[in-house]
Amino acid sequence: MRVNRGNIGWLLLAFGLMGCASPDPVSRVADLVDPASLAEGAPPEAAAVNAGASLANPDQHRQAAIDAYTAYLQTGPEPSAIEDAQVRADALQRVGDLRLQAVRQRMLGEDGPSEPAANAESRELAAIAAVYEQLLREHPSTERDPAVLYQLAQVYELQGEGEASFAVLDRVVSEYGPADAHPEVQFRRAERFYATGDYSAAYSAYGSLVALGDTTPYWHQAQYKIAWTRYRQNRHADALDEFLALLALQPAGQLKKESAATGRIEDALTMAARCADYLGGSAALDQRFGTEVAAHEPLVYARLAEHHLANSRYADAVAAWDGFIRRHPLHRAAPGFLMNQAHAFDSAGFAPEALAIRRRFVAEYGLDQPFWRHHDRAEHLDTLAVVEKQLDVLARHFHARAQQDKDSASYATAAGYYRQRVVQFAGQLATIPSHFGLADLLLETQDYTGAGEAYTQIAYGYPPHARSAEAGYAALLANQAHLQSLADPQAKAQWQRAEMYPAMRRFAEQFADHPKVPAVLAQLSERAFELGEQTLALWAATRLVNQYPQADPVLLQSGWTRLGYLAFDTGDYPRAEHAFASALHQLAVDDIARQPLLDQLGLSVYRQAEALIAGGDPSAAGSEFLRAVALAPGSGIEPQARYDAAAAYIQANDWLRAIPVLQEYLSRFAQHELAVEAQHKLAVGWMETGHPLRAARQWQSLAEVHPRPQVRREAAWQAAELLIACRWA
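Now for a look at the structure at hand. (Residues numbered from 1 in each chain as written. Predicted model: local features only at pLDDT ≥ 70, side-chain atom pairs only at ≥ 80, totals over all residues. Heavy atoms only, no water.)

A few words now on the environment of A621. Mapping A621 onto the fold places it in helix α29 (residues 618-631). Using a relative accessible area of 0% as the deciding quantity, one classes A621 as buried. Remark: the alpha-carbon pair of A621 and A609, spanning 12 residues in sequence, is separated by 4.5 Å. (Helix = DSSP H or I, 4+ residues; strand = E, 2+ residues; numbered from the N terminus. Buried < 20%, exposed > 50% of the residue type's maximum accessible area, 1.4 Å probe, protein only.)

What follows is about helix α8 (residues 183-195). The first and last C-alpha atoms of α8 sit 18 Å apart over 13 residues, in line with the 18 Å expected at 1.5 Å per residue. For α8, every residue scored as buried is listed here: E184, V185, Q186, F187, R189, A190, F193 and Y194. Phi turns positive, to about 85°, at G197, one or two residues after α8. (Expected span 1.5 Å × (residues − 1).)

What follows covers the pattern of salt bridges. Under the definition given, this model contains 26 salt bridges. Measuring nitrogen to oxygen at the nearest pair gives 2.9 Å for the salt bridge that ties E388 to R421. With E388 in helix α18 (residues 381-405) and R421 in helix α19 (residues 408-424), this residue pair connects regions lying 33 residues apart in the sequence. With a relative accessible area of 15%, E388 lands in the buried category. R421 gets classed as buried once you look at its relative accessible area, which sits at 2%. (Salt bridge = Lys/Arg side-chain N within 4 Å of Asp/Glu carboxyl O.)

Compared with an ideal rise of 1.5 Å per residue, which puts 21 residues at 30 Å, helix α28 (residues 594-614) spans 30 Å between its outermost C-alpha atoms and is within 8% of the ideal. Buried within α28 are the following residues: R594, L597, L598, Q600, L601, G602, L603, S604, V605, Y606, Q608 and A609. In the core, the buried residues of α28 are packed alongside α26 (553-569), α27 (573-585), α29 and α30 (638-651). Among the residues trailing α28, G616 stands out with phi positive, at a value near 85°. (Contact = heavy atoms within 4.5 Å.)

With that settled, the discussion passes to the packing of α26 against α28. Between α26 and α28, the shortest axis-to-axis distance is 11 Å and the interhelical angle comes to 30°. The crossing of α26 and α28 is left-handed. For the pair α26 and α28, contact is made by Q557, T561, Y565 and F568 and by L597, Q600, L603, S604 and R607, respectively. A per-class count over the contact of α26 with α28 returns four nonpolar, four polar and one charged. (Axes fitted to C-alpha atoms, helices over the stretch in contact; angles between N-to-C directions. Left-handed = near helix turned anticlockwise from the far one by under 90°. Nonpolar A, V, L, I, M, F, W, Y, C, P; charged D, E, K, R; others polar.)

Mapped onto the elements, K516 comes out in the loop between α23 (489-510) and α24 (517-530). Separated by 46 residues in the primary sequence, K516 and E470 have C-alpha atoms spaced 9.9 Å apart.

Attention shifts here to the nonpolar core. Counting 172 residues, the largest nonpolar core has F243 and Y455 as the members making the most contacts within it. The biggest single contributor to this core is helix α12 (residues 262-278), with eight residues. Beyond its immediate sequence surroundings of up to four residues, F243 is in contact with Y224, A227, W228, A268, M271, A272 and C275. Counting 32 residues, the second-largest nonpolar core is a separate cluster that includes A65, L73, V168 and V172. (Core = buried A, V, L, I, M, F, W, Y, C linked by side-chain atoms within 4.5 Å.)

Here it is in structure tokens:
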């Protein structure tokens with residue numbers, strides 16, 4: 001039957017239905033027929049097929065197309081119609097492709113077919129194979145046959161006829177051109193060779209695909225598998241080269257992030273490490289990398305080290321990391337690789353080796369080393385943290401060793417690491433513990449000035465922190481220790497003025513709430529007073545008694561006492577009186593420390609009385625003298641004060657007040673140096689107040705005790721005269 005243009009158009013409509021369910025790109029190499037090359041027009045049967053456009057799903061569309069092609073093929077061809085032969089070949093191929101696609105989808109379903117269904121699929125595959133074989137036999141075509149053979153190989157593969165499938169693929173390559181014409185066929189051949197252990201043939205097949213470059217989607221996988229073929233052949237040097245070549249092809253970013261290629265990259269790294277191990281370790285890698293750092297280079301060295309660690313080969317792991325460091329000491333990965341060595345030795349229990357690595361780390365990657373001239377610290381915060389931690393670890397280690405062994409070298413080493421930590425991370429709150437460690441160490445080694453400076457930096461050189469006051473007080477203790485170590489008095493005085501006093505004042509002002517401040521102020525006031533620093537002593541004592549009224553009474557007594565002496569020395573006797581009275585208030589009544597203060601209290605009032613005498617108010621002065629006695633009973637000033645009180649009243653011509661004062665004075669202090677003068681004044685007083693008999697008796701007493709003969713004669717004469725006058729009165 002001759003196929004007219006209407007029949008061709010009807011077939012085209014079947015091709016159009018294929019657009020709804022195009023063949024799997026893995027199942028088809030290419031569409032072999034260009035629909036535009038076929039004649040246009042629609043046969044009468046088109047309406048029936050066109051109704052299929054509304055079918056429910058792609059499977060129904062596909063089956064409608066198969067039925068349409070099959071119906072066409074069942075019509076007899078016209079022998080003389082070349083065009084009809086071409087279309088029949090296309091239709092035959094389409095029937096095979098669509099049926100193969102349907103079988104593949106069913107067989108690759110989630111659950112797979114049941115046993116009856118599997119038998120049906122087997123029969124269907126045999127029928128499809130027959131279609132392709134018929135097509136090859138009846139319609140040979142150099143353009144079409146490679147694709148048909150490939151599909152036939154697929155059918156054999158699904159039938160479990162691996163050898164037959166492989167033979168068909170070999171036929172494609174041998175009969176229809178080079179690999180670039182059929183890359184998928186060549187890839188499947190390579191995979192087949194590899195699976196059957198023919199690694200030499202697999203290498204050749206993969207190699208033909210690698211030679212095509214990235215023009216084929218199989219290039220990367222072929223590159224990967226070609227490395228594996230070398231490994232399977234135990235050609236480890238070649239395999240290492242191939243795996244490294246594969247890694248070198250990956251973009252730098254691709255090596256560090258998750259992607260579809262991650263599994264292949266990870267495997268390539270692992271195999272490169274394994275091959276390097278076979279070839280002697282990191283030395284094999286050293287030979288294969290240039291002076292410039294390749295993006296994958298640190299990853300390969302790291303994977304080799306991990307490979308050794310997994311097998312507890314700690315020394316080899318360290319050698320792998322160190323191999324990279326020797327080549328690229330300034331690379332961003334180098335510090336981490338060096339610390340990995342320390343961790344490896346830790347895991348193995350090799351403490352001395354781990355310690356040596358840590359010391360090397362801070363020596364090579366401390367913040368004063370060349371590495372940081374090539375890298376921005378903000379971009380290497382993790383490395384900064386490691387440097388920080390290792391300095392702490394090393395300082396504490398050698399400090400503990402020094403404390404245990406009393407070893408000066410260990411002390412010096414620990415101090416060096418503490419100082420590096422403090423200098424390289426200056427001003428950071430996290431540095432404070434290490435700074436304390438340095439200060440404590442210096443104190444232990446009796447470097448008191450160094451310790452004081454360190455504690456001072458901790459207290460005042462950082463933003464306020466929880467241990468600021470503690471450090472400030474520790475600085476004072478260190479200064480005190482240094483003071484005690486000085487033998488020369490002049491040197492001591494100079495040290496106190498230059499260092500101790502300013503430090504004590506700063507502490508008291510900066511940390512006013514610290515419980516030790518009252519004691520510091522008391523000590524500062526006392527020491528400054530002793531060295532003649534009255535202004536400072538006055539400041540400290542005043543601050544103590546005014547701001548810390550609830551402090552220890554002993555401290556308050558010290559402060560008030562210092563204020564009393566300072567006021568007394570400047571002639572401010574009322575203020576001195578108040579200060580000494582306040583100092584006495586802090587002491588128990590039976591405290592032996594009261595007496596000196598009582599003396600000073602009485603003397604302060606006594607001086608006020610003297611001022612009244614000088615001011616021309618003897619009467620008030622007499623009262624002040626007696627107040628001095630009352631405030632400080634038993635004080636050393638009492639005899640003089642009583643005498644001076646009487647003298648003041650006499651100066652005011654107030655004999656009535658003077659006489660009892662003189663009497664009390666003489667009754668208490670008959671042996672006092674002024675007692676004779678007091679008797680003389682008392683005799684005069686009795687005469688002035690009209691008591692001649694009392695006056696006579698007082699003159700008689702004076703005549704007996706006065707040391708001067710002339711006075712004794714005069715006193716006796718006065719007594720006699722008064723007695724005669726009283727007798728004849």
